[in-house]
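Architecture and fold: a report
Below, each chain spelled out in residue letters.
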There are 2 protein chains.
Amino acid sequence: MSVNRDLEHMQMALEQARVAARAGEVPVGAVLVLEDGQIFASHNAPISLHDASAHAEMRVIRDACIASLNYRLTGSTLYVTLEPCAMCAGAIIHARVARVVYGADDRKTGAVTSLYQLLADKRLNHQTEITGGVMADGAGTLLKQFFRDRRKHNKAQ
Amino acid sequence: MSVNRDLEHMQMALEQARVAARAGEVPVGAVLVLEDGQIFASHNAPISLHDASAHAEMRVIRDACIASLNYRLTGSTLYVTLEPCAMCAGAIIHARVARVVYGADDRKTGAVTSLYQLLADKRLNHQTEITGGVMADGAGTLLKQFFRDRRKHNKAQ
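Because the structure is predicted, anything quoted here is derived from the model rather than measured. (Residues numbered from 1 in each chain as written. Chains lettered and ligands numbered in written order. Predicted model: local features only at pLDDT ≥ 70, side-chain atom pairs only at ≥ 80, totals over all residues. Heavy atoms only, no water.)

1. Some points on the pattern of salt bridges
Residues and elements named next belong to chain A. The tally for this structure, following the rule as stated, stands at 8 salt bridges over all chains. In this structure, the salt-bridge partner of Asp 6 is Arg 99, at a minimum N-O distance of 2.7 Å. With Asp 6 in helix α1 (residues 3-22) and Arg 99 in strand β4 (residues 99-104), this residue pair connects regions lying 93 residues apart in the sequence. Judged by its relative accessible area of 7%, Asp 6 falls in the buried class. Residue Asp 121 is joined to Arg 123 by a salt bridge in which the shortest nitrogen-to-oxygen separation is 2.8 Å. One continuous salt-bridge network, built from bridges that share partners, spans Asp 6, Arg 99 and Glu 129. (Salt bridge = Lys/Arg side-chain N within 4 Å of Asp/Glu carboxyl O. Helix = DSSP H or I, 4+ residues; strand = E, 2+ residues; numbered from the N terminus. Buried < 20%, exposed > 50% of the residue type's maximum accessible area, 1.4 Å probe, protein only.)

See the structure below:
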């Protein structure tokens, strides 16, 4: 996958993150590109969907699995604006995603490089190619702005 | 929660695991008891549902969240016949499940005691009470039988 293609898909993921922010959800967006070129895009929505598991990554993986009638997404690439947590890293392994491209590091719950390195764990039955820090500034700025606005809003109440 | 109540709910989870086996899925079952006493039961079904994330634990968490219109299941107890993987442990944390009772250890992918100890990680924003080894023999026998039958079936083809 070319660098330009990576940037293009991460731009789409950032647009999804902005949709999440407008809905009052922590702004994280994801894009999943299947081996055959099909693209799925989604955003973080646990509050709106009443579903603790509804992170952006989980939603694109589920959507793609169901649409392709296959619980394995061999050869696919996942783009996500924030480093995946343990739940999402686990799903990435179960779905056999081939490559993960992410934006900002998540120092509090990141399970790809920050707290754990699940996608590189040789004891598990699948490892994933990883590219971190792609358009990290855009993703990080969105998150910071969101939490700043939320603090302001909470103080005003 | 009394020991008898634990055994009763684990028995229900084992029944769910048997349903999974009959459907050709790895036999794992889960039961989630909410703080108000509501009970949700489900089984592992990634192949049938075309969903890499459709582990028994994920399904009961999602079902309970959606039914209670709440992405947090504070005060709930999750019973599962096999030690949860990283994906499920992550979802347990996100959903704020208070207690996890599991059956057999999963030495290959377990993320509660075996490979990782996610539910006790103080760096994450929620910790969970854990009781392992409850009716572990029943859960383990089901799994062993399932994989033995599958090997036999594959050899016969």
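2. Points about the packing of helix α1 (residues 3-22) of chain B against helix α5 (residues 136-156) of chain B
Residues and elements named next belong to chain B. The contact between α1 and α5 brings their axes to 10 Å, and the two run at 5°. With respect to their mutual orientation, α1 and α5 come out roughly parallel. The segment α1 lies against α5, with Leu 14, Ala 17, Arg 18 and Ala 21 engaging Gly 138, Ala 139, Leu 142 and Phe 146. Considered class by class, the residues forming the contact of α1 with α5 number 6 nonpolar, 1 polar and 1 charged. (Axes fitted to C-alpha atoms, helices over the stretch in contact; angles between N-to-C directions. Parallel < 35°, antiparallel > 145°, perpendicular 65-115°, else oblique. Contact = heavy atoms within 4.5 Å. Nonpolar A, V, L, I, M, F, W, Y, C, P; charged D, E, K, R; others polar.)

3. A short note on the environment of Arg 99 of chain A
Judged by relative accessible area, Arg 99 of chain A falls into the buried class, the value being 10%. A distance of 2.7 Å separates the side chain of Arg 99 of chain A from the side chain of Asp 6 of chain A, its partner in a polar contact. (Polar contact = N/O pair within 3.5 Å; in protein donor to acceptor, adjacent residues only side chain to side chain.)

4. Some remarks on helix α4 (residues 86-94) of chain B
For the α-helix, the turn length of 3.6 residues means that residues three or four positions removed from each other point alike. Where burial is concerned, most of α4 of chain B is hidden: 9 out of the 9 residues are buried. Of the residues making up α4 of chain B, those classed as buried are Ala 86, Met 87, Cys 88, Ala 89, Gly 90, Ala 91, Ile 92, Ile 93 and His 94 of chain B. Contact partners of the buried residues in α4 of chain B: α3 (56-67) and α4 (86-94) of chain A together with α3 (56-68), β3 (77-82) and β4 (99-104) of chain B.

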